[in-house]
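Each chain, written out:
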Amino acid sequence: MTKSNRKPFLMIGVLVLSLLLANGNALLSSRAQGIDLAGMDKSIDPGDDFFSYANGGWLKAVQIPPDRPAYGAFDIIAEKVRTRTADLIKGAGKSNDPEAKKIGDYYDAFMNEGAIETKGLTPIKTELDEINNIADRAALARVLGSQLRADVDPLNNTNFYTDRLFGIWVSPDLNNPTHNVPYLLQGGLGLPDRDNYLSTEKNGVELQGKYREHIVTVLKLANIADAEAKAARIYDLEKMIATAHATRTDSADIQKANNPWATKDFANKAPGLDWTTYFKAAGLAGQPTIVVWHPGAVTGICALVANQSLDVWKEYLTFRAIDRAAGLLPKPFATERFNFYSTTLNGIPQQSERWKRGVNNTSAALGDAVGKLYVKQYFPPDAKAKIRAMVKNIVAAFGKRIDNLNWMTPATKAKAKAKLGTLYVGVGYPEHWRDYSGLKVLRDDPLGNSQRSELFDYQWTLSKLRQPVDKTEWWLNPQTVNALNLPIQNGLNFPAAMLNPPFFDPNADPVENYGSIGAVIGHEISHSFDDQGSQFDANGRLFNWWTPQDLEHFRAAADRLAAQFDAYEPLPGVHVNGKLTLSENIADVAGLSAAYDAYRTAYAGKPSANKNALTDDQRFFIAFGQSWRAKMRPEFLRVILATDGHAPDQYRADTVRNLEAWYQAFNIQPGRKLYLAPEARVRVW
Ligand SMILES: [Zn+2]
């Protein structure tokens, strides 16, 4: 799926992710086997609205649960996975195994609301004291450095958000992928994006007002004097930080991100922050080079560190510390956090039940430990073998597509085939598991557990700087419903949790699995060969292996696809951003095409299940359309349209209009709304 960066098959706003934690009652169980015939609406012409043709019955029957911003195929799977994971976590607490016990303790601590009320603000007192004691710029740099965490991932998970001043990501070096380097990203905002602060539109201005009120409320809850005036200054500082920030589109442009700075040059390139002190406090002293993803923002923010008063910085850091911790502070804080970030920002009326949030938090903090339990129970070798076979067929289909391209030069084709040959495809779970023996978990300290887990993860991340590159490193947990392309590693991750209906059903007719998970597999493969993939060679080095002519053809096709998506208007006056979502949309076209070829090759001539008078090709496309079933609240849709590299799900389902086979399968004639003249259909691969 693409966007101008590659990434998670689906991406939920980071703020939302951190708040979601579970939703509720299974409104609908996932379909037992194969496509959901009752969920279709055959009164709709597939040529006019394929998404509703495939999903109309389901859309009518389903309501978005009150604790969710949206509800769809991913949520259906996530519910099932969460129920399973909850059982595993609760069971783990009864175990004598030290790692399993840690899982149980983490969960029990999260559930211990009484302890949270009793402790009040005590768990963050040390942090608040440190901030309060800042007496000079060196102390400010030390506190800022000590707060640095590995909470961003600009390339694999396309997570650009951190509320800390900067964020760190560690990955193979873009310029020499035989060793790992740290990447430094912009941060420091409470709202998700710079545009939230700079918008002059009615919705944007309203949100700015509500965010200011939120800051006042949080300060007052913490009994901080002079809350209104302080909140105004805090907001103004954040707005200045936002002004320095790169845009979301620029963040996704890898060429703008490849800025290796020698650490000794930071003081010249980004004056204002005492970098020596900062790096020391961050555990980065001695690191020779850091790649600065957002050079303009880092420079701009450091200027603010120097020219804004220490008092304003202390006020800002105090607010940030309380706001960040609020979900695990006494109820008034947690409620205010939910009210603003979930309800106001994303339209979620009701918080999910605590146990669900506990499961999600535990699963995030002890990802591999929980994942190990999950795959043991729910991902049998047989399912892994089936997916592996599909991967093999789809890789072969993709290779054949490369062979048959008439626009790509032979030299470039040879490089593409070489890259396909070194692709690592991770299925189900990582090749080795993370060791959590160094993480301290206390049964009565949920916030401390969360903070220690973030620090543990940061230190683990920094430890990669001293180790050889692991090309098979995983960037998702097995119990996460998503899939990833890892450009520098030339690898893919398909976690066990993603391999559930409606994406994959080991008991379904293979034709339908190819339409759903097959298209996902093809999507991720194609990211290795798209506008971003063309910038990473078979070894993962940032190196354009395409000729200018190759790129020109690709861009021409891409421009037509961008225009196709620009024309969609999900909210009055608000269109899909064809450029922002371009890479993902290209990958959808490519993935669906490769999956179609693979299924035709593997099953040509075999007897069809032919249920309910649907042809194999029809069921292939319906399975694809149903894998994108989703409903979204308008507030959330607005956030997605502004920040997500993926188009809203219904338009991803309409990708079918670019495939000739879809026109034949449903006899789509000129005049239908989704009809595209053959020359307007986009075929890249
Ligand atoms: Zn993608």
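Each remark here, short or long, concerns the structure printed above.
Residues numbered from 1 in each chain as written. Predicted model: local features only at pLDDT ≥ 70, side-chain atom pairs only at ≥ 80, totals over all residues. Heavy atoms only, no water.

As a further point, take the sheet that holds strand 8 (residues 491–495). Read from one edge to the other, the open sheet built from three strands follows the order 6-8-7, with strand pairing classed as mixed. Pairing within the sheet leaves two strands with one partner each, and these edge strands are strand 6 (424–428) and strand 7 (484–486). Taken over all neighbouring pairs, the strand axes of this sheet differ in orientation by 15° on average, direction set aside. Of the strands in this sheet, strand 7 and strand 8 touch helix 23 (residues 510–527), which is tilted by about 155° from strand 8. (Pairing = 2+ DSSP bridges. Helix = DSSP H or I, 4+ residues; strand = E, 2+ residues; numbered from the N terminus. Axes fitted to C-alpha atoms, helices over the stretch in contact; angles between N-to-C directions. Contact = heavy atoms within 4.5 Å.)

All right, on to the pairing of strand 8 then. Where a strand is regular, its side chains alternate between the two sheet faces. Buried residues dominate strand 8, accounting for five of its five residues. By the bridge criterion, five bridges tie strand 6 to strand 8 in an arrangement that is parallel. By the bridge assignment for strand 8, Y424 is matched with G491. Inspection of the sheet shows strand 7 paired to strand 8 by three bridges, in the antiparallel sense. Directly across from L484, in strand 8, lies its bridge partner N493. Turn length for the strand 7-strand 8 hairpin, with the two strands adjacent in sequence and antiparallel, is four residues, and the turn residue N490 shows positive phi of about 45°. (Buried < 20%, exposed > 50% of the residue type's maximum accessible area, 1.4 Å probe, protein only.)

Along its 12 residues, helix 21 (residues 410–421) runs 16 Å from first to last C-alpha, staying within 8% of the 16 Å computed at 1.5 Å per residue. Along helix 21, the positions that sit buried rather than exposed are T412, K413, A416, K419 and L420. Angularly, the buried residues of helix 21 cover 120° about the axis, an arc narrow enough to put them on a single face. Pointing more than 90 degrees away from the buried face of helix 21 are the exposed residues P410 and G421. (Expected span 1.5 Å × (residues − 1). Arc of directions from axis to C-beta.)

A sheet is described by the order of its strands in space; here four strands give the open sequence 2-3-5-4, paired in mixed fashion. The open sheet has two edge strands with one neighbour each: strand 2 (166–172) and strand 4 (260–262). With strand direction ignored, the average angle separating the axes of adjacent strands in the sheet is 35°. Relative to strand 5 (residues 289–292), strand 4 runs antiparallel, the two being bridged by three bridges. What sits directly across from P260, in strand 5, is V291.

The subject of this paragraph is the packing of helix 25 (residues 582–603) against helix 26 (residues 616–627). Relative orientation and spacing of two packed helices are given, respectively, by the angle between their axes and the distance between those axes. Viewed as axis vectors pointing N to C, helix 25 and helix 26 meet at an angle of 145°, and their least axial separation amounts to 12 Å. The way helix 25 lies across helix 26 gives a crossing that is right-handed. Contacts between helix 25 and helix 26 involve L592, A595, Y596, Y599 and R600 from the first element and D616, D617, F620, F621 and F624 from the second. Counted by class, the contact of helix 25 with helix 26 contains seven nonpolar, no polar and three charged residues. (Left-handed = near helix turned anticlockwise from the far one by under 90°. Nonpolar A, V, L, I, M, F, W, Y, C, P; charged D, E, K, R; others polar.)

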